[in-house]
Amino acid sequence: MSDGVRVRGARDGDGLGQFRREEGARTRANLLVDEVQVVVMKDQNDVSAAKVDNSPLGRRMRSISSRRPRLVCGRLGDYWVALWPIGEGAQDIAATLTQGAIGSHVHAVVAPAGGSEDLARAFRMARGALELGGSQAPLVRTIEDLGVVGLLRQLEDQRAVASFSDRVLGARRQSDLERSTGLILTLRTYLAHDCRADVSAEKLFVHKNTISQRLRRIEKLTGLSLTSPSDVLQFSAALAADDIRSASAPSAMSE
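Read on for an overview of the structure.

Cut-offs used in this document
- Positions within a chain are numbered from 1, following the residues in the order the chain's sequence is written.
- Local features in this predicted model are restricted to residues of pLDDT 70 or higher, and side-chain atom pairs are both shown and tallied only at a pLDDT of 80 or more, whereas totals for entire chains, interfaces and linings draw on every residue.
- Computation of side-chain values: all heavy atoms of the structure, hydrogens and water removed.
- The cut-offs for exposure are 20% and 50% of the maximum accessible area for each residue type, with area from a 1.4 Å probe on protein chains only; residues under the lower value are buried, those over the upper are exposed, and the others partly exposed.
- Counting from the N terminus, the helices are DSSP H or I runs at least four residues long and the strands are E runs at least two residues long.
- Note that the arc is computed from the directions linking the helix axis to the C-beta atoms.
- The contact definition used throughout considers only heavy atoms, calling two residues in contact when any of these lie within 4.5 Å.
- Each salt bridge in this description consists of a side-chain nitrogen of Lys or Arg and a carboxyl oxygen of Asp or Glu lying within 4 Å of one another.
- In this description, strands pair whenever DSSP reports at least two bridges between them.
- Take the buried Ala, Val, Leu, Ile, Met, Phe, Trp, Tyr and Cys residues and link them wherever side-chain atoms come within 4.5 Å; each set so joined is a nonpolar core.
- A fitted line through C-alpha atoms serves as each axis, taken over the contacting stretch for helices, and the angle formed by two N-to-C directions is quoted from 0 to 180°.

Further remarks concern helix H4 (residues 90–98). Turning to H4, its buried residues are Ala90, Ile93, Ala94, Thr96 and Leu97. Buried residues along H4 cover an arc of 160° about the axis, so they all sit on one side. Packing partners of the buried residues in H4 comprise strand S1 (36–43), helix H3 (56–64), strand S3 (79–85), strand S4 (106–113) and strand S5 (140–142).

Looking now at the side chain of Ser200. Its place among the elements puts Ser200 in helix H9 (residues 197–204). Residues within four places of Ser200 in sequence aside, it is in contact with Thr189, Tyr190 and Ile211.

So, on to the environment of Leu187. Take Leu187: it is sitting in helix H8 (residues 183–192). Remark: the alpha-carbon pair of Leu187 and Arg214, spanning 27 residues in sequence, is separated by 8.5 Å. Ignoring any residue separated from it by four or fewer positions in sequence, one finds Leu187 in contact with Leu169, Arg172, Ile218, Leu226, Phe235 and Leu239.

Okay, the pattern of salt bridges next. Per the stated rule, a full pass over the model turns up four salt bridges. The partner of Arg121 in a salt bridge is Asp118, with the nearest N and O atoms 2.5 Å apart. Residue Asp243 pairs with Arg188 through a salt bridge whose shortest N-O separation is 2.7 Å. One end of the pair, Asp243, is in helix H11 (residues 229–248); the other, Arg188, is in helix H8, and 55 residues separate them in sequence. Overall, the relative accessible area of 28% leaves Asp243 in the partly exposed class. Take Arg188: its relative accessible area is 28%, and that puts it in the partly exposed class. Via salt bridges that share partners, Arg188, Asp242 and Asp243 belong to a single interconnected network.

Within S4, seven of the eight residues are buried, leaving the element largely enclosed by the surrounding structure. Relative to S4, S1 is paired through eight bridges, and the arrangement is antiparallel. Counterpart to Val36 in the pairing with S4 is Ala113. Alignment of S4 against S5, held across three bridges, turns out to be parallel. Paired with Val109 across the strands is Arg141, a residue of S5.

The next subject is the nonpolar core. Ranked by size, the top nonpolar core spans 26 residues in total, and within it Val168, Leu187, Leu191, Leu226 and Phe235 carry the most contacts. Elements with a minimum of two residues in this core: helix H7 (158–179), H8, H9, helix H10 (208–222) and H11. For this core, the leading source of residues is H11, giving eight residues. Among the nonpolar cores identified, the runner-up in size contains 20 residues, and Val38, Val40, Ala122 and Leu146 belong to it.

As summarised here, the arrangement of the five strands in space is S2-S3-S1-S4-S5, forming an open sheet in which the pairing is mixed. Whereas interior strands pair on both sides, the edge strands pair on one side only; in this sheet they are strand S2 (72–76) and S5. If you compare each strand with its neighbour and ignore which way they point, the axes differ by 25° on average. Packed on one face of the sheet, H3 meets S1, S2, S3 and S4 and runs near 30° to S3. Lying over the sheet, H4 contacts S1, S3, S4 and S5, oriented at roughly 155° with respect to S5.

Before going further, it helps to examine the pairing of S2. Most of S2 is tucked away, with five of its five residues classed as buried. Alternating residues of S2 divide into Val72, Gly74 and Leu76 and Cys73 and Arg75, and every residue in both groups is buried. The sheet contact formed by S2 and S3 spans five bridges and is antiparallel. Looking at the pairing, Gly74 lines up with Val81 of S3.

What follows is about unusual backbone geometry. The phi torsion at Asp194 lies on the positive side, around 55°, for a residue other than glycine. Relative to the elements of secondary structure, Asp194 occurs in the loop between H8 and H9. In the Ramachandran plot, Phe205 falls in the positive-phi region, its phi being about 60° despite a non-glycine side chain. Mapped onto the secondary structure, Phe205 falls in the loop between H9 and H10.

Have a look at this one:
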């Protein structure tokens, strides 16, 4: 983009090495690195890489890059990334983006960065949250807006998140693999519909008694109770952790 920080084709592992190296660009932007938040944006439409720059979001980002104080922004693969002043909230960012006629198919997640060395972590956090739960209304969401998913994304050791998922879901996952029991899908559906077995049965096209049998099997395998609020919270967090691990797998997203 003209007069912007070009980050296309960066191959620094986290993709943000060039942001950290562009000290001159940050000075020109009058942007203090200890006062920024990383905004990761994506057009959920099937936009080819060759057309990303000329998409409504791409045109808006070029326009934003010329404002004062100018934002440091650029494209990393399928994502647009901007270092945004920390004083602007999600509604302010959304207002800036929608001035460019950005449609409902564009979404963004905002993560705070504690300094130049924290940019990569903030980017990974925002990108992962965007892939998991950020592609929903409203246009711009913060990590805090994403609830359990946002909380788990903030943990430094994602191996601990995966380990927690295995402890709670491991036995059921093995049962699904060995017997095609559909326990995890049943649990997801049950929790997503306010723990109602009748609605879950309709969604999964099975009899209500089948749902009840599967839920009892889940409780037996895990030693947890679906009538206990604290155990239900564990189930919900474990499913979110499982989603995070799946989204973080090498094949799940391009660097």
